[in-house]
Structures are given as structure tokens and as C-alpha cells.
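What follows is each chain in one-letter form.
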Amino acid sequence: MIEEKILSKAGDIIKNGGLVAIPTETVYGLGADMFNPKAVAKIFEAKSRPFFDPLITHIADIEMLYNLAIIDKDIIKKATDAFWPGPLTIIVKKRDIVPDIVSSGLDTMAVRMPKHKVALEIIKRSTGAVVAPSANPFGYLSPTTADHVREQLGDRIDMVVDGGLCEVGVESTVLDLTRERPIVLRPGGISIEELRDVLGEVEVFNRKVTSPTAPGQLESHYAPRTPLRIIESLNEVENSEKSAYLSFGEEESKLKFKCMENLSELGDLIEAASRLFYSLHKLDREDVEKIYVKKIPLEGIGIAIMDRLYKASEK
Ligand code: TXA
Ligand code: MG
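Residues numbered from 1 in each chain as written. Chains lettered and ligands numbered in written order. Predicted model: local features only at pLDDT ≥ 70, side-chain atom pairs only at ≥ 80, totals over all residues. Heavy atoms only, no water.

Novice: Is there a simple way to think about the pairing of strand β10 (residues 183–186) in this case?
Specialist: Successive side chains on a regular strand alternate, one facing one side of the sheet and the next facing the other. Summarising the sheet, strand β9 (residues 173–176) and β10 pair through three bridges and their orientation is antiparallel. Looking at β10, one finds that V174 is bridged to R186. Linkage of β9 to β10, two consecutive antiparallel strands, is achieved through a turn of six residues. For β10 and strand β11 (residues 203–204), the ladder comprises two bridges, and the chain directions are parallel. Directly across from V184, in β11, lies its bridge partner V204. As for the winding sense of the linkage, the β-α-β connection from β10 through helix α8 (residues 192–199) to β11 is right-handed. (Pairing = 2+ DSSP bridges. Helix = DSSP H or I, 4+ residues; strand = E, 2+ residues; numbered from the N terminus. Right-handed = clockwise from strand over helix to strand, strands pointing away.)

This is how it looks when you write it as C-alpha cells:
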């Protein structure tokens, strides 16, 4: 565990309106005091994030959920009992004490209680409600190490707390509980199957039938600088010597790539998620023309992995 000195320094910076990058079990977040609109505005500036994209508020104590939001359905308690602390974000009706800049003017808000001890301890030492988007420039790959944050945003923020590599490796699942039926707006660390086991019927956002309410649903996002292409077979590869390859499972490639990473040689989807952004960051640093990525099975957390890859790929 990180020293008390560091935790309380991070808490103090947030309390005083600064920005601190904090480790969570999903990805590193760029944290600011939710109650301080000026501090929240700094996040949008540091990330070059458009103001129409609302933020997730991170809490460490369930009482805070009741202070911030109107909890008027049993299903909300069911979801938080089962999945908090953990990689589930819920969309609920907000109260007036939540500044508009947090919710981009919507009457709903996103809340999650992370599982990472360091995140929880920092939230407790600040004001108890910390907004934290992924700590990357808008549209770019999410950070899963403190170094990723330092490289991308280091000079724009007040402190980076190093909590090691993020265990889950993809962002939280965003579940909207304000509609008639629960609907997943962004697949993530908690799988659709896990949600259905506990909550029963759960819909999944589909842009053809539901209008997007939040830009996590934008088509292009999480992208490396190098063009990325998803392939089903190596026959689709051109110019392998000038390309990188991100594979999955056992792979005997006859092609020679400039560099390669494997998300999980054993074909384990959870391991693959935990390495996804780390591997993409690594390949994006190489001087290659293209990153080819092997298609991942669309089950469990594989759905969240493929969501990120589709959004990162060339259109
Ligand atoms: O795992 C995570 O969720 C990470 C870590 C740091 O906790 N955070 C994260 O934040 O991914 P961000 O800002 O990159 O993604 C927030 C997502 C966006 O897709 C946003 O549109 C959605 O939550 N969101 C926030 N408020 C919303 C609302 N009121 N209605 C619908 N979607 C909302
Ligand atoms: Mg993000």
C-alpha cells in the first residue's frame, strides 16, 4: 500500500481544486473535486475533452450516493450491492447539489465506487466525491500505468499517484438505470452475463435503435496514433515488415512483423483485457505503418475489448 503521506497529499490537492491522476482497477483516472466546478473545468481543459461529454463521479461510501442522486428504484440497490466496489458505473437521476458541468447539463449522472484501495483512500481523504475520466487526452488510448499518464498529461496536472498496472484494464461498464429497463451504454469490466444473472433483463445499447445520450458511444474513441485494423486471418495483412501485430491465443505466424504482442497466449479474455491498452501503447510507440489486431471472441469481457478495438480502428 502507498504511504499515508502520498495519500493525504493527493486528497489535499483535490480538496484545494487541483488535478490528481489516481489508479483504479480499470484504468487511471484524472481526479478532481466534484463539488468544485472550476476544478472540474480544469479536467476538460487538460484532456481537451468537449464539455458535452459528462463525467463519472467516484465515491468511497454508499451514503454519498444518496446525497448526490435520487435513489427511487430497487434495482439501483440490487446493482450496487452486487457490483460495488467494482467496475460498474450506474446512471441515476442527480440532485441539484451536483454541478451541471459534471453532468453536461443532463438531469442524470454517472456514479461508481471503484475497488482499488488507493483510489478509495484518496477519495476518503478529499471531499468524498471525485470526478475522474480516464487520464488520457480525449480520443486517445486509456492509461493503465502511471507512466502512460506521465507521458500523455504529465505537465498538465498536479500529481500522479503510482498504483502499478491496472488489474481489469478496460473501463467500467456503464449501466443506465433511469430508463424503463436497464441498458448497458458502454460494455466494460462487468460483463453483460454477470449483470443479467443479478438484474434479470438487461438491454445493450445499439445505435440503430437507441439514440446516443453520451459520447462514450461515439464511434471513434480510444484510438492509437497508428492506424489500427482488425483482422480475422493473417491473409488480410499487407506489408507485415512495416507493421505491428497484436495477437490473441496460440499463434504461429509465418509472416514477419516489425513487432508483435500477444494479449493472452492461453486465450484468456480477462488476461487479454488487462493487457489491451498496455500492449496498444507499446505498439503505438514503434515506428510502424499499421497495427493489425486479431479479432477476439465476443463473449464475457471480450465484448468490452472488441468495443474498444472497433472504436480505435480505421473507418
Ligand atoms: O473505468 C472507468 O469508468 C474510468 C475510471 C477512471 O473510473 N473512467 C472513465 O471515464 O472511463 P470516462 O469519462 O472516460 O467515461 C465516462 C463515460 C462516458 O462514456 C460518458 O459519456 C458516460 O460515462 N456518462 C457520464 N455521465 C453520463 C450520463 N449522465 N448519461 C450517460 N452516460 C454518461
Ligand atoms: Mg475515456
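After that view, the rundown keeps rolling.
Novice: Even after reading the chapter, I still don't get unusual backbone geometry, so can you show me in this structure?
Specialist: Excluding glycine, a negative phi dihedral is what most residues carry, and trans is how most peptide bonds are arranged. The residue after W84, namely P85, is reached through a cis peptide bond having omega -10°. Relative to the assigned elements, P85 resides in the loop between α4 (74–83) and β5 (88–94). A positive phi angle is found at S104, which is not glycine, with a value near 55°. In this structure, S104 sits in the loop between α5 (100–103) and β6 (108–112). Looking at S104, the relative accessible area reads 23%, which means it is partly exposed. With a phi angle near 55°, N239 is a residue other than glycine that sits in the positive phi range. Turning to its location among the elements, N239 is positioned in the loop between β12 (228–231) and β13 (243–247). Judged by relative accessible area, which is 45%, N239 ranks as partly exposed. (Buried < 20%, exposed > 50% of the residue type's maximum accessible area, 1.4 Å probe, protein only.)

Novice: Would you explain the packing of aromatic side chains in this entry?
Specialist: Scanning the model with the defined rule gives three aromatic pairs in all. On the numbers, 4.7 Å between centres and 25° between planes, the contact of F44 with F51 is stacked. When its relative accessible area of 2% is taken as the criterion, F44 is described as buried. Residues Y245 and F257 carry aromatic rings whose centres are separated by 4.9 Å and whose planes lie at 20° to one another, so their mutual orientation is stacked. Here the residue Y245 occupies a position in strand β13, and F257 occupies one in the loop between β13 and β14 (259–262), the gap between them amounting to twelve residues. In terms of burial, Y245 and F257 fall into one category: buried. The cationic tip of R225 hangs over the ring face of Y140; the distance from NZ or CZ to the ring centre is 4.2 Å. Here the basic side chain of R308 rests over the ring of Y222, its NZ or CZ set 5.0 Å away from the ring centre. (Phe/Tyr/Trp six-rings, centres within 6.5 Å; stacked < 30°, edge-to-face > 60°. Lys NZ or Arg CZ within 6 Å of the ring centre and 35° of its normal.)

Novice: What is the right way to look at the packing of helix α7 (residues 146–153) against helix α9 (residues 269–285) in this model?
Specialist: Between two packed helices, both the angle of their axes relative to each other and the distance between the axes serve to describe the pair. Across the interface, α7 lies against α9 with an axial gap of 11 Å and an inter-helix angle of 45°. Judged by the angle between their axes, α7 and α9 are oblique. Read as a crossing pair, α7 and α9 show a hand that is left-handed. Two secondary-structure elements touch here, α7 through H148, E151 and Q152 and α9 through F277, Y278, H281 and R285. In terms of residue class, the contact of α7 with α9 is built from two nonpolar, three polar and two charged. (Axes fitted to C-alpha atoms, helices over the stretch in contact; angles between N-to-C directions. Parallel < 35°, antiparallel > 145°, perpendicular 65-115°, else oblique. Left-handed = near helix turned anticlockwise from the far one by under 90°. Contact = heavy atoms within 4.5 Å. Nonpolar A, V, L, I, M, F, W, Y, C, P; charged D, E, K, R; others polar.)

Novice: Mind showing me how you'd approach the pairing of strand β3 (residues 56–59) here?
Specialist: Of the two faces of β3, the one lined by I56 and H58 and the one lined by T57 and I59 are each fully buried. Two strands pair when backbone bridges link them, and β3 and β6 are joined in this way by three bridges, in the parallel orientation. Bridging across to β6, H58 finds its partner in R112. As paired elements, β3 and strand β7 (residues 129–131) share three bridges and run antiparallel to each other. Bridge pairing in β7 places T57 opposite V131.

Novice: Is there a simple way to explain the nonpolar core in this structure?
Specialist: One broad rule of soluble globular proteins: the nonpolar side chains tend to lie buried together. Counting residues in hydrophobic clusters, the biggest one holds 61 residues, and the most contacted among them are L65, L88 and L195. At five residues, helix α2 (residues 37–47) tops the list of elements feeding residues into this core. Those residues in contact with L195 that lie beyond four places of it in its chain are F83, L88, T173, L175, V184, I190, G200 and V202. One finds V168, V170, A244 and L269 within the second-largest nonpolar core, a separate group that totals 30 residues. (Core = buried A, V, L, I, M, F, W, Y, C linked by side-chain atoms within 4.5 Å.)

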